[in-house]
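Now for the letters of each chain:
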Amino acid sequence: MDTSVARKTNVPDFATAYYLLEGLKEIGVDYLFCNFGTDHAPIIDEMAHRRRRGEPMPTVVRCPHENTAAHMAAGYALVTGRGQGVLVHVDVGTANTANGMHNLFRSRLPVLLMAGKAPYTVNDELVGSRDTYVHFVQEPFDQASLVRPYLKWEWTLPSGVVVKEALRRAASIMQSEPCGPVYLMMQRETLTQHWRADEIRRYTGEQFAATSAGGADPELVAALADKILNAENPILITGYAGRHERGSHAIDALAQFAGIAVYEANMTNNISHDSPCFVGFTADKAVPDADVGLLVDVDVPWFPSDVQPNDKAFWAHIDIDTLKPGSPMWTFPGNMRMQGDSGRILDQVLHALKAKATPRFKEAAATRLKHIKAVRDERIARAAKLAADKGRPGAINPHYLTAELAKLLDDQDMIFNEGVTNAAAVLMQIPRRVPNTTVRAGGGGLGWSGGTALGAKLAAPDRLAVQICGDGGFYFGNPSSVFAVAQQYKLPILTVVMDNTGWNAVKQSVLRVYPEGEAKSANGFEAELAPNVHFTKVAEAFGAYGEEVSDPAEVPAALARCVKEVRGSRAALLHARVTRL
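Residues numbered from 1 in each chain as written. Predicted model: local features only at pLDDT ≥ 70, side-chain atom pairs only at ≥ 80, totals over all residues. Heavy atoms only, no water.

Chemist: A description of the overall build of the protein should follow, citing residues and the corresponding values.
Modeler: A tally of helices and strands in the protein yields 21 helices and 22 strands. Expected size for 581 residues packed as a compact globule is a radius of gyration near 25 Å; at 26 Å, the protein falls within 12% of this value. Counting only C-alpha atoms, the protein reaches 85 × 60 × 50 Å along its principal axes. When the 581 residues of the protein are sorted by exposure, 56% land in the buried category. Across the protein, every contact between residues at least 6 apart in sequence was considered, and the portion connecting residues at least 24 apart equals 78%. The average position of the 60 basic charges and that of the 64 acidic charges among the side chains of the protein differ by 4 Å. (Helix = DSSP H or I, 4+ residues; strand = E, 2+ residues; numbered from the N terminus. Rg over C-alpha atoms; globule rule 2.2 N^0.38 Å. Buried < 20%, exposed > 50% of the residue type's maximum accessible area, 1.4 Å probe, protein only. Contact = heavy atoms within 4.5 Å. Lys, Arg positive; Asp, Glu negative; His and termini not counted. Charge placed at Lys NZ, Arg CZ, Asp CG, Glu CD.)

Chemist: Explain the sheet that holds strand β9 (residues 234–238) to me, using residue names and the numbers behind them.
Modeler: An order of β11-β10-β9-β12-β13-β14 is seen for the six strands of this open sheet, with the pairing classed as parallel. Among the strands making up the open sheet, the edge pair consists of β11 (278–280) and β14 (336–339). The mean angle between the axes of side-by-side strands here comes to 25°, regardless of whether they run parallel or antiparallel. Lying on the sheet, helix α9 (residues 218–229) is in contact with β12 (292–296), β13 (314–319) and β14; it crosses β14 at an angle near 130°. The strands that helix α12 (residues 359–388) touches are β9, β10 (261–264) and β11; relative to β11, the one it contacts most, it runs at about 45°. (Pairing = 2+ DSSP bridges. Axes fitted to C-alpha atoms, helices over the stretch in contact; angles between N-to-C directions.)

Chemist: Break down unusual backbone geometry for me, citing the residues and quoting the values.
Modeler: The peptide bond linking E177 to P178 adopts the cis configuration, its omega dihedral lying at -10°. When you line up the elements, P178 lands in the loop between α7 (163–174) and β7 (181–187). Phi angles above zero are rare outside glycine, and R108 is one such case at about 60°. Here R108 shows up in the loop between α5 (90–107) and β5 (111–117).

Chemist: Got a sec to walk through the confidence of the model for the protein? Specific residues and values, please.
Modeler: Chain-level statistics for the protein give a pLDDT mean of 95 and a share of 98% at 70 or above. Counting interchain partners and residues more than four positions distant, the pLDDT-below-50 stretch residues 1–11 has 19 contacts. (pLDDT = per-residue confidence, 0-100.)

Chemist: Hey, could you go over the packing of aromatic side chains for me, with residue numbers and the actual values?
Modeler: If you walk through the whole model with that rule in mind, you get 12 aromatic pairs. Ring geometry for F14 and Y18: centres 4.0 Å apart, planes at 10°, overall stacked. The pair formed by F14 and Y18 is uniform in burial state, with each residue classed as buried. The rings of W302, W315, W330 and F332 are connected pair by pair, giving a single aromatic cluster. One Lys or Arg, R130, reaches over the ring of F136 and ends 5.0 Å from the middle of that ring. (Phe/Tyr/Trp six-rings, centres within 6.5 Å; stacked < 30°, edge-to-face > 60°. Lys NZ or Arg CZ within 6 Å of the ring centre and 35° of its normal.)

Chemist: Please set out the sheet that holds strand β18 (residues 438–439) residue by residue, giving values where relevant.
Modeler: Taking strand neighbours across the sheet as the criterion, the six strands line up as β18-β17-β19-β20-β22-β21 in an open arrangement whose pairing is parallel. Among the strands making up the open sheet, the edge pair consists of β18 and β21 (545–549). The sheet strands contacting helix α13 (residues 398–406) are β19 (465–470), β20 (494–499) and β22 (572–577), and the helix crosses β20 at an angle near 165°. Packing against the sheet, helix α21 (residues 555–567) makes contact with β20, β21 and β22, and its axis sits at approximately 170° to β21.

Chemist: I'd like to hear about the pairing of β5, residue by residue, with values.
Modeler: In terms of burial, β5 is a largely internal element, seven of the seven residues being buried. Alternating positions in β5 separate into two faces, V111, L113, A115 and K117 on one and L112, M114 and G116 on the other, with burial throughout. Relative to β5, strand β4 (residues 84–88) runs parallel, the two sharing five bridges. Of the residues in β5, the one forming a bridge with G85 is L112. In this fold, the crossover linking β4 to β5 by way of α5 has right-handed handedness. (Right-handed = clockwise from strand over helix to strand, strands pointing away.)

Chemist: Quick rundown of the side chain of E404? Include the residues and the values.
Modeler: Here E404 shows up in helix α13. Exposure remark for E404: the relative accessible area of 14% places this residue in the buried category. Among the polar contacts made by the side chain of E404, one reaches the side chain of K407 at a distance of 2.8 Å. Ignoring anything within four residues of it in the chain, the contact list for E404 reads V555, P556 and L559. (Polar contact = N/O pair within 3.5 Å; in protein donor to acceptor, adjacent residues only side chain to side chain.)

Chemist: If you had to explain the pairing of β13 to someone new, which residues and values would you point to?
Modeler: Extensive coverage of β13 is indicated by the burial of six of its six residues. Residue alternation in β13 divides its side chains into two sets, F314, A316 and I318 and W315, H317 and D319, and both sets are buried. Direction of pairing for β12 relative to β13: parallel, over a ladder of five bridges. Each residue of the ladder has a partner; that of L294, found in β13, is A316.

Chemist: Explain the nonpolar core to me, and be specific about the residues and the numbers.
Modeler: Counting 57 residues, the largest nonpolar core has L224, I228, I237 and L294 as its most contacted members. In terms of residue count, helix α11 (residues 342–356) provides more of this core than any other element does, six residues in total. Non-local contacts of L224, meaning those with residues more than four positions away in its chain, are made with L294, F314, A316, I318, M336, M338 and V349. (Core = buried A, V, L, I, M, F, W, Y, C linked by side-chain atoms within 4.5 Å.)

Chemist: How would you sum up the environment of M428? Please name residues and give values.
Modeler: Position of M428 among the secondary structure elements: in helix α14 (residues 423–429). Residue M428 is classed as buried on the basis of its relative accessible area of 15%. Taking the C-alpha atoms as reference points, M428 and R382, 46 residues apart in sequence, are found 9.2 Å from one another. Apart from the residues within four sequence positions on either side, M428 is in contact with F281, R382, A383, L386 and H399.

Chemist: An account of a nonpolar patch on the surface is requested, with residue identities and associated values reported.
Modeler: A surface patch of nonpolar side chains, amounting to about 430 Å² of accessible area, comprises V122, Y133, F136 and V137. Position of V137 among the secondary structure elements: in helix α6 (residues 134–137). For V137, a relative accessible area of 45% corresponds to the partly exposed category. (Patch = residues over 30% accessible without salt bridge, like charges linked within 9 Å, V, L, I, M, F, W, Y side chains within 5 Å. Areas by Shrake-Rupley, 256 points an atom, 1.4 Å probe, with all protein chains shown as cover. Salt bridge = Lys/Arg side-chain N within 4 Å of Asp/Glu carboxyl O.)

Chemist: Please set out the packing of α13 against α21 residue by residue, giving values where relevant.
Modeler: At a closest axis distance of 10 Å, the pairing of α13 and α21 adopts a crossing angle of 45°. Relative to α21, the element α13 is oriented oblique. As α13 runs across α21, the sense of the crossing is right-handed. Between α13 and α21, the residues in contact are Y400, L401, E404 and L405 and V555, P556 and L559, respectively. Residue composition of the contact of α13 with α21, by class: six nonpolar, no polar and one charged. (Parallel < 35°, antiparallel > 145°, perpendicular 65-115°, else oblique. Left-handed = near helix turned anticlockwise from the far one by under 90°. Nonpolar A, V, L, I, M, F, W, Y, C, P; charged D, E, K, R; others polar.)

And the structure:
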């Protein structure tokens, strides 16, 4: 059989993979976070081809594990707002990104996930036919099903002639609010097809623009302003309004004018904690007494099993995603839903409120502000009291540890808070003035903080990126992959592992369900992990600085040494032995 390339290609100019790389650059993909496999042979060859020709294409970042690749894309999008490409290997690579796609979807972050598919020809009919064992076992009936719950769009590229149109379609969907993952699959034979340059249609960004979020119906704005005007105990709960600076500023302005207490519940992207109306991270005590509540960019404002709002209260949802259609069940009270850009909508509400404000309203708002200040002062004093307890050797108090870390950070530095059951200590002890500088994954997939810190560092090289996790999260995060990328691409991050020797979330879950159960009686929670590990060795294996600390007295100096190393362009890991389960 004649197997020459000339026989198998239909027209001269370039292969689909060549136009794919060109098209990625045209839609604003500057980086491809890659874990390569046999399906990528045409892409790899065209990468070399474009480099030889001096033609632009995305910069390749090779990640030893797909979890790192997916979360690097998350970190980059978090800082820039622009989705990047993640390129993985057929079904198995896609499966390894599912954790990341879940987190990106729930965090409303754009990403273009791409994977090959097993070749469809088996007798060498076309360039790219099956030529190895895995091509026969890596073809599920429905590859996209591995990540479909977390996708806004999916497609298998049917022909290279539409590759640029497909990329424009993917980009416009992933960048439209609420942003999220899209998925493109491509077979080797399709990637090797040759097409003339004039056969590949080109589309501008203007022709495929992403949709933007707008303001609200003026009638709804006026109605909400009236509710606030007559409120006695208004509150505002947010979770990710800090993703956009305008949202954070709008919350502060409205809260100060109307005397509204602001809470950050199950936070994903922080608002500014400098606001005099910001009172903390749980509204549980305030919800039952609230007569008007604003749920602004929040997924879980409280846990209904623990908190019951007043049946007569009025609740308004202001969010880019008010109905949460990605969640089969989402049950929180909502008398009014205003879908759009929360910053724009709150600006509208404030404008309407100022036009209607009476002397009586202004007096009531001033009285509420005094009460809010007292609650805020009490919270700050409580945080200081918790941090004053240093713990004991072998059991450092996480509040003390994170309070000491806070002393070394600048306002623009970024915290990736995967502390899980110790996440509250991070929030309480490291208050943030600048929005979107403390981040938690909107999803529940552990192992995200290392890759996300790397992606953020790539996007903002002058800012310190701090990964804070427990020992459980550290395992989940494929740390050898994280530190390999940090070394290879000179992306120094600071990792703080709060090692409590187990899964405290598992233990606490058992106690919540069975507070006096058999597990408590036996002290058997199936939550203990290896107690005598040395996580610093993982970092040191890849040239990073590692230090272990168990004595509270040594914490400030150990943290200072680690931060110095990172600011000097070397990744560092502090393994802190904190209070055990």
